[in-house]
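# Commentary on secondary and tertiary structure
Residue strings, one per chain:
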Amino acid sequence: MHWEQLLSLKKLGDKGKRLRREERDTRLGFEVDYDRIIFSSAFRSLQDKTQVIPLSKTDFVHTRLTHSLEVSVVGRSLGRLVGKKIIEKYPYLSEVHGFHMNDFGAIVAAASLAHDIGNPPFGHSGEKAIGEYFSIGNGRKFQEHLTPKEWQDLVDFEGNANGFAVLTGSRPGIEGGLRISYATLGAFMKYPKESLPKKPTQNISDKKYGFFQSDKAFFKEVADELGLIPNKSGSDIGFERHPLAFLVEAADDICYTIIDFEDGINLGLVSEDYALEYLIKLVKYNIDAAKYNALTTKEDRISYLRALAIGSLINDAVNVFVENEEAILDGAFHQALTDKSKYKAQMDDIISLSIKNIYQSREVIEKELVGYQIIQTLLDRFITAFNNKADNNCTNYDKLILKMLPEKFLEEKEGLYARLLHICHFVSLLTDGNALELFETINGTKRV
């Protein structure tokens, strides 16, 4: 892979090349990507989507929105620091093509901002609830009418693939969705493969999948434009990662490791003594003892250690990337940057404690159970009504259900797979609160 190709400013529908040296410095294409994402309705909906605690009313707790903003900040720092090293190593990128270290930061920041944009309500249990509606729920009856890959898209519903659809999906009058640059889409694509074969290798890019069958053609167009290295054969499509996708992943890993942990501390799910013991291992060489000892509240002490810990992990991830940059470009680096971190043991300890005390806490489990019921009920009612309408077999109840769909989801879809995915897409874009309200309305339990 070659950096000048990987940094493509091309967008869907472009007739000619977009050259970096011809870009306006006041309105750079990669920065336009960031703006388009942050002004999108799908991004706004993240303000009421679970990061750790579903349906939490506590202002301590991060939502997907605040998490995504923080990941984008960390991603920007990672991108700029790496970009500085890359420009120094390959000066022609600046001298000939006009690229700047901040371009790397802008790409990673935009991709990081969007990294959770396709996640359903109620956290990762939302993905599982959609998948299990098809694998073991009422949706099982559709399997015989779908291809194996279409079926796998549904039973293994993936927020990353859904995110690609959110960013690029066309509808009448809006071709190419948000029209994001191919470089940013490449950095967003952590798992550049289709849903089958499932986990064909232990490579990090094969862990999940990154696009639905309906988006296959455009996904391949983006990968080919960027010069990503194919790693599948025959009818299976898969590529090695865009190098900057490793930085997006690292930004997410750093934030959920440290900031989810901070949420657990502030909610009282992790004791301050434990927290200090774990965090100080990450910052013991950087801590200003006098400044730390002057802090009088738990919140301030944890905040100070969190900031130092994130800084330590950013610098370490940059070092790992730069040391392995040539292997990454060759498609020969197959693990997360944090897996090579000198702080890996400390991060693993924090994640283990978070799983035990936060992710598996009673409050989280109880609300995830509610989320399962909500999502599977919504899928069943809307899929039934949508299919009945397509078959000219609509009941009056179906018509009432369909009136609950937003206008942009009333578009008719050709084929069963397209209809099923369309309703999954609708449910996935609901906020936690919207999903609960719609569930209560349909079940007749909403107070009016």
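In every chain, residue numbers begin from 1 and rise along the written sequence. Where local features are concerned, this predicted model is filtered to residues with pLDDT of at least 70; where side-chain atom pairs are given and counted, the filter is 80 or more; whole-chain, interface and lining totals use all residues. Excluding hydrogens and water, the side-chain figures rest on all heavy atoms present in the structure.

The name that an unreviewed UniProt entry assigns to the protein is Deoxyguanosinetriphosphate triphosphohydrolase, with the source organism given as Flavobacterium magnum.

Our focus in this paragraph is the overall build of the protein. Numbering of helices and strands runs from the N terminus; a helix is a DSSP stretch of H or I covering at least four residues, while a strand is a stretch of E covering at least two. Each helix and strand counted, the protein has 21 helices and 0 strands in total. Over its C-alpha atoms the protein spans a radius of gyration of 22 Å, differing by no more than 12% from the 22 Å that the globule rule assigns to 448 residues. Over its C-alpha atoms, taken along the principal directions, the protein stretches across nearly 70 × 55 × 40 Å. The Shrake-Rupley method, run with a 1.4 Å probe, gives the accessible areas here. Residue values count only the displayed protein chains as cover. Summed over all atoms, the accessible surface of the protein reaches about 19800 Å², with 49% contributed by carbon and sulfur. The size measure is the radius of gyration over C-alpha atoms, and the globule rule it meets is 2.2 Å times the number of residues to the 0.38 power.

Let us look at the packing of helix 7 (residues 124-135) against helix 8 (residues 148-155). When two helices pack together, their arrangement is given by the angle between their axes and by how far apart the axes lie. Two elements in contact, helix 7 and helix 8, have axes whose closest approach is 7 Å; the angle formed by their N-to-C orientations is 130 degrees. One element, helix 7, and the other, helix 8, form an angle in the oblique class. Contacts between helix 7 and helix 8 involve Ile-130, Gly-131, Phe-134 and Ser-135 from the former and Trp-151, Leu-154 and Val-155 from the latter. Classification convention: Asp, Glu, Lys, Arg as charged; Ala, Val, Leu, Ile, Met, Phe, Trp, Tyr, Cys, Pro as nonpolar; all other residues, Gly among them, as polar. Taken together, the residues that form the contact of helix 7 with helix 8 break down as 5 nonpolar, 2 polar and no charged. The axes used here are C-alpha line fits, helices contributing only the stretch in contact, and every angle between their N-to-C directions lies in the interval 0 to 180 degrees. Oblique is the label for every angle not falling under 35 degrees (roughly parallel), over 145 degrees (roughly antiparallel), or within 65 to 115 degrees (roughly perpendicular). Throughout, a residue-residue contact means that at least one pair of heavy atoms, one from each residue, lies within 4.5 Å.

On to unusual backbone geometry, then. Each neighbour pair has its own omega, and for Leu-196 with Pro-197 the value is 0 degrees, a cis peptide bond. Phi at Lys-199 takes a positive value of approximately 45 degrees, unusual for a residue other than glycine. In this structure, Lys-199 sits in the loop between helix 10 (182-188) and helix 11 (216-226). With a phi angle near 55 degrees, Asn-392 is a residue other than glycine that sits in the positive phi range. The topology assignment puts Asn-392 in the loop between helix 18 (362-390) and helix 19 (396-402). In this scheme, a residue with accessible area under 20% of its type's maximum is buried, one over 50% is exposed, and one in between is partly exposed, where area comes from a 1.4 Å probe on protein chains only. Overall, the relative accessible area of 74% leaves Asn-392 in the exposed class.

Another point: helix 8. Counted residue by residue, helix 8 has 6 buried out of 8 residues, so it is predominantly covered. The set of residues buried in helix 8 consists of Lys-149, Glu-150, Trp-151, Gln-152, Asp-153 and Leu-154. Tucked into the core, helix 8 has its buried residues touching helix 7 and helix 20 (416-428).

What follows covers the packing of aromatic side chains. Centres within 6.5 Å make a pair out of two Phe, Tyr or Trp rings, where for Trp the six-membered ring is used; the pair is then stacked when the planes are under 30 degrees apart, edge-to-face when over 60, and tilted otherwise. Inspection of the entire model under this criterion finds 15 aromatic pairs. Seen from their ring centres, Phe-246 and Phe-333 are 5.5 Å apart, and the 70 degrees between their planes marks the pair as edge-to-face. One end of the pair, Phe-246, is in helix 12 (residues 243-266); the other, Phe-333, is in the loop between helix 16 (325-329) and helix 17 (344-359), and 87 residues separate them in sequence. For the pair Phe-246 and Phe-333, one class covers both residues: buried. By the ring-pair criterion, three or more aromatic residues cluster together here, those being Phe-164, Tyr-182, Phe-211, Phe-218 and Phe-219. In this analysis the charged atom, NZ for Lys or CZ for Arg, is taken to sit over a ring once it is within 6 Å of the ring centre and within 35 degrees of the ring normal. Seen from the ring of Phe-246, Arg-241 lies directly overhead, with NZ or CZ sitting 4.9 Å from the centre. We note Lys-281 situated over the ring of Tyr-278; from NZ or CZ to the ring centre the distance is 5.5 Å.

Grouped together as the largest cluster of nonpolar side chains are 131 residues, with contacts concentrated most on Trp-3, Phe-134 and Leu-378. Excluding its chain neighbours within four sequence positions, the residues that come into contact with Phe-134 are Gly-139, Arg-140, Phe-142, Trp-151, Leu-154, Val-155, Ile-383, Leu-420 and Cys-424. The nonpolar core is taken to be a set of buried Ala, Val, Leu, Ile, Met, Phe, Trp, Tyr and Cys residues, with the residues joined through side-chain atoms within 4.5 Å.

Any carboxyl oxygen of Asp or Glu within 4 Å of a side-chain nitrogen of Lys or Arg constitutes a salt bridge here. For the structure on display, the rule yields 22 salt bridges. Between Glu-194 and Lys-149 there is a salt bridge, with the nearest N and O atoms lying 2.9 Å from each other. Here Glu-194 is found in the loop between helix 10 and helix 11, whereas its partner Lys-149 is found in helix 8, with 45 residues between them in sequence. Here Lys-216 and Glu-194 are joined by a salt bridge, their closest N and O atoms 3.4 Å apart. With Lys-216 in helix 11 and Glu-194 in the loop between helix 10 and helix 11, this pair connects stretches of sequence that are 22 residues apart. Looking at Lys-216, the relative accessible area reads 22%, which means it is partly exposed. Residue Glu-194 is classed as buried on the basis of its relative accessible area of 0%.

Before going further, it helps to spend a moment on the environment of Lys-413. Turning to its location among the elements, Lys-413 is positioned in the loop between helix 19 and helix 20. Excluding residues that lie within four positions of it along the chain, Lys-413 makes contacts with Phe-386, Ala-418, Arg-419 and His-422.

Bringing the environment of Lys-367 into the picture now. Within the fold, Lys-367 resides in helix 18. Assessed through its relative accessible area of 22%, Lys-367 is described here as partly exposed. Between the C-alpha atom of Lys-367 and that of Phe-122, which follows or precedes it by 245 residues, the distance is 7.9 Å.

Time to look at helix 20. Because each turn of an α-helix spans 3.6 residues, side chains separated by three or four positions in sequence point in the same direction. The span you would expect from a helix comes to 1.5 Å times its residue count less one. Compared with an ideal rise of 1.5 Å per residue, which puts 13 residues at 18 Å, helix 20 spans 18 Å between its outermost C-alpha atoms and is within 8% of the ideal. Across the 13 residues that make up helix 20, a large majority, 12, are buried. For helix 20, the set of buried residues is Leu-416, Tyr-417, Arg-419, Leu-420, Leu-421, His-422, Ile-423, Cys-424, His-425, Phe-426, Val-427 and Ser-428. Elements in contact with the buried residues of helix 20: helix 7, helix 8, helix 9 (159-168), helix 18 and helix 21 (432-443).

Attention shifts here to the side chain of Glu-249. Mapping Glu-249 onto the fold places it in helix 12. At a separation of 2.9 Å, a polar atom in the side chain of Glu-249 contacts the side chain of Arg-241. The contact partners of Glu-249, leaving out residues within four places of it in the chain, are Lys-190, Tyr-191, Ile-204, Arg-241 and Ala-336. Any N or O atom pair separated by 3.5 Å or less is treated as a polar contact, with the protein-specific requirement of one donor-capable and one acceptor-capable atom, and with residues adjacent in sequence counted only for side-chain atom pairs.

Here the focus is the side chain of Asp-14. Tracing the chain through its elements places Asp-14 in the loop between helix 1 (3-6) and helix 2 (29-38). Judged by relative accessible area, which is 18%, Asp-14 ranks as buried. A distance of 2.8 Å separates a polar side-chain atom of Asp-14 from the backbone nitrogen of Lys-11. A distance of 3.2 Å separates the side chain of Asp-14 from the side chain of Arg-179, its partner in a polar contact. Residues within four places of Asp-14 in sequence aside, it is in contact with Leu-9 and Arg-179.

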